[in-house]
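# Observations on the three-dimensional arrangement
Now for the letters of each chain:
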Amino acid sequence: MDVPVLIIGTGPSGTTAALHLGRLGIKSIVISRHRGTANTPRAHIFNQRAMEVLRDAGIEDQCYETASSMEHMAHSSFLEKLTGQEYGRLWAWGNKPKQKGEYELASPCNMSDLPQSHLEPILVEEAKKLGAEFRFSTEFVSVTQDESGVSTVLRDRNTEETYTVRSSYLIGGDGARSGVVNALGIPISGRQINTAFNVHIQADLTKYIAQRPGSLNWVLNTEAPDWSAVGNFRMVRPWTEWVVSMHPAAKDGERFAPTEEDVIKRLHQMIGNNQVPIKVLSTFEWTINDQVADYWQKDRILCIGDAVHRHPPINGLGSNTCLSDAFNIAWKLAYVLKGVAKPALLDSLSIERKPVGDAIVRRANTGMEAHRALWSIIGLSPEDRQKATALLAEDSSPGRQKREDWSNALEAIDAEVQALGIQMNQTYLDSPGVVAESSDSAPDFGRLDPIKELHISTYPGYHLPHVWLAKDGQSPRKSTLDLAGQGRFTLFTGVGGDSWISAAQALAASSWGIDIVGYKIGFGGDYMDCYREWARVRGVEEDGAVLVRPDHFVAWRYPRRSENAEGQLRSVLEKVLGF
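Keep in mind the model is a prediction, meaning the values are calculated, not measured. (Residues numbered from 1 in each chain as written. Predicted model: local features only at pLDDT ≥ 70, side-chain atom pairs only at ≥ 80, totals over all residues. Heavy atoms only, no water.)

## A short note on the pattern of salt bridges
A full pass over the atoms with the stated rule returns 25 salt bridges. Among the ionic pairs, Asp-414 bridges to Lys-96, the shortest N-O distance being 3.5 Å. Placement of Asp-414 in helix H12 (residues 397-417) and of Lys-96 in the loop between strand E5 (86-91) and helix H4 (100-106) is noted, with a sequence separation of 318 residues between them. We classify Lys-96 as buried; its relative accessible area is 17%. One salt bridge connects Lys-128 with Glu-125, and the closest N-O pair in it is separated by 3.7 Å. Of this pair, Lys-128 and Glu-125 both sit in helix H5 (residues 116-129), three residues apart, roughly one helical turn. (Salt bridge = Lys/Arg side-chain N within 4 Å of Asp/Glu carboxyl O. Helix = DSSP H or I, 4+ residues; strand = E, 2+ residues; numbered from the N terminus. Buried < 20%, exposed > 50% of the residue type's maximum accessible area, 1.4 Å probe, protein only.)

This is the structure we're talking about:
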């Protein structure tokens, strides 16, 4: 083999996979047809689950240093122009006062605005330190596989020479136009909706934005009939760098190619001040999709990221899900390559991650419909806008109804910018990679909004609840997620759970080679349950056990102590790891 894992694509999914594989001692080659990492900001909102993936990789603080903070993301505003009438605003991304506690309860991490063009270089450099090799200007040509490995033909775009890389496994993380998915013949369900046009600019808009800070500033401006009335000033750096969505009014299939003069003129209209200096850094087109792959794996080739889930940027779920896809598959590949797990473990990829991918595509496109409903109420032609705004200000029954319709439409978009549930409520209940006791039962969260509200449980297949713990009164606090992860299985127990700790120690010391550690939480244990929160969420007795996978998902739990703790724990781990 030339390399254990070949990764096609250096976007968020490919680079994150390389980084986590490297942390587990698995080398990879990562290729991209481009000359380097992303040269435009592209994705930018990174939610708490994505930040947990970066935290586990040891780069969370480094990412926060280059990201804009939650405070800069506080609002999503709707305006006639930046200097003009404001139609309304929403608290966004965990900043809503009455919901801040829910976000703090969900994770030790904060949301951040981290442009992809700033994140990717961090991921690449850290992965290189751990042995990953990156080959840019290198194109995927074709792939074949057999029982022992994968042969991939690549082309050096500088020399036009082709060569073959032999690997044990291949990850296809090459985006929405995935050559790997096409080569495998994986069916893609759904459709391409239309193309979008963005312009990346530098312009000091501090005086228009700082008083209502926000990463998304929707401008609904009807002054130029040849342009769409809808645009968006998306913060890249507060408050001087932006990506602005700009579209033609007509959807005739013709390529949209305005001159720089056209773009700046329209930007000045959207700002409401033609004296603002604007520097155009780049323009780029992209496709709005409503597409999902029918399956994510074909034998030794595993596809993740935008290659298998393609959707609008509503809710900011794209790159976040890419990072979680990579975290999911990296530890599994490492365990299989080290002989700790059987290849059957990899078959859980589609079972676990496809429902997540399908759900975010549905949610993003539902969110787009909510925006279209909002636009229809406010009007996208000068005549309709004038009628709508006059009615909104009118002291009459139709005016009151118009204001109620507008308020309800804004509240529907609240599910985009305050969507803790869709960000965190990923579950793997039907996966062979988790084991539920026959006497156990899944929690009923039917009364909670799955988009907005957090589901907290240690039932197998759920994300490990975040709880703050501390060794003692002189030690810094740690999250349960900090004790878990890092490429190993983690077992939590409490007073009376010594047999479980002994079982974990015995398996860790066995010839199997499995990496597992155990912690006692509670009085006299390894960590104090400082706020009595673990006792409320652990779902088992003090002497019971909660087993957590390397990706922070609960693999199994048992309600009490056992006389055969080592045998039970071994049996469960064998099932989880595909034996």
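## Concerning the sheet that holds strand E22 (residues 516-520)
The mixed open sheet is built from four strands, whose spatial order is E22-E21-E23-E24. Strands with a single pairing partner mark the edges of an open sheet, and in this sheet they are E22 and strand E24 (554-558). Taken over all neighbouring pairs, the strand axes of this sheet differ in orientation by 15 degrees on average, direction set aside. Of the strand pairs in this sheet, strand E21 (residues 489-493) and E22 are connected by five bridges, and their pairing is parallel. What sits directly across from Phe-492, in E22, is Tyr-519. Sheet strands in contact with helix H17 (residues 565-576) are E21, E22, strand E23 (545-548) and E24, and its direction is about 155 degrees off that of E24. (Pairing = 2+ DSSP bridges. Axes fitted to C-alpha atoms, helices over the stretch in contact; angles between N-to-C directions. Contact = heavy atoms within 4.5 Å.)

## Remarks on the domain arrangement of the protein chain
Taken as a whole, the protein chain is organised into domain 1 (2-67 + 114-189 + 293-348), domain 2 (363-422) and domain 3 (462-577). Taking only C-alpha atoms, the centre of domain 1 and the centre of domain 3 are 30 Å apart. Residue-level contacts link 14 residues of domain 1 with 21 residues of domain 3. On the domain 1 side of the contact with domain 3, Trp-331, Tyr-335 and Val-340 bury the most area, a combined 39% of that side's loss. Linking domain 1 to domain 3 there are one salt bridge. Where Asp-482 meets Arg-55, a salt bridge forms, and the shortest distance between an N and an O atom there is 2.7 Å. One can count ten residue pairs in polar contact (both at pLDDT 80 or more) joining domain 1 with domain 3. (Domains from an automatic or database assignment. Buried area = accessible area lost by both parts, 1.4 Å probe. Polar contact = N/O pair within 3.5 Å; in protein donor to acceptor, adjacent residues only side chain to side chain.)

## Examining unusual backbone geometry
Here Pro-238 and Trp-239 are connected by a cis peptide whose omega angle stands at -15 degrees. Of note, Ser-137 is a non-glycine position whose phi angle comes to about 55 degrees, a positive value. Relative to the elements of secondary structure, Ser-137 occurs in the loop between strand E7 (133-135) and strand E8 (138-146). The exposure class assigned to Ser-137 is buried, which follows from its relative accessible area of 8%. Even without a glycine there, the phi angle at Arg-532 is positive, about 60 degrees. Looking at the element boundaries, Arg-532 is found in the loop between E22 and helix H16 (533-537).

## Focus on the layout of surface pockets
Considered as a void within the structure, the second largest pocket measures approximately 460 Å³ in volume. The wall of the second largest pocket is formed by 22 residues, among which Pro-355, Ala-359, Asn-425, Gln-426 and Thr-427 lie closest to the centre. At the level of secondary structure, the elements contributing two or more residues to the lining of the second largest pocket comprise helix H10 (348-378) and helix H13 (420-424). Sort the elements by how many residues they give to the lining of the second largest pocket and H10 lands first, with eight residues. The residue inventory of the lining of the second largest pocket, partitioned by class, reads twelve nonpolar, six polar and four charged. (1 Å grid on protein atoms, 1.4 Å probe; cavity = no way out; pocket = protein on both sides within 12 Å on 5 of 7 lines; lining within 4 Å. Points joined across faces, edges and corners; volume = space filled by probe spheres on them. Nonpolar A, V, L, I, M, F, W, Y, C, P; charged D, E, K, R; others polar.)

## A word on the packing of helix H1 (residues 12-23) against H5
How two helices pack is summed up by the angle between their axes together with the distance between the axes. For the pair H1 and H5, the least separation of the axes is 8 Å and the interaxial angle reads 25 degrees. In terms of orientation, H1 and H5 fall into the roughly parallel class. Our pair here, H1 against H5, has a crossing hand that is left-handed. Counted together, Pro-12, Thr-15, Thr-16, Ala-18 and Leu-19 of H1 and Gln-116, Glu-120, Leu-123, Val-124, Glu-126 and Ala-127 of H5 form the full contact between these two elements. Residues belonging to the contact of H1 with H5 are distributed by class as follows: six nonpolar, three polar and two charged. (Parallel < 35°, antiparallel > 145°, perpendicular 65-115°, else oblique. Left-handed = near helix turned anticlockwise from the far one by under 90°.)

## Some words on the pairing of strand E11 (residues 188-202)
As defined by bridge partners, E11 adjoins strand E15 (residues 279-293) across 14 bridges and the pair is classed as antiparallel. In the strand pairing of E15, Ser-189 is matched with Val-292. Two strands pair when backbone bridges link them, and E11 and strand E14 (residues 241-245) are joined in this way by five bridges, in the antiparallel orientation. The partner of Asn-198 across the bridge, within E14, is Ser-245.

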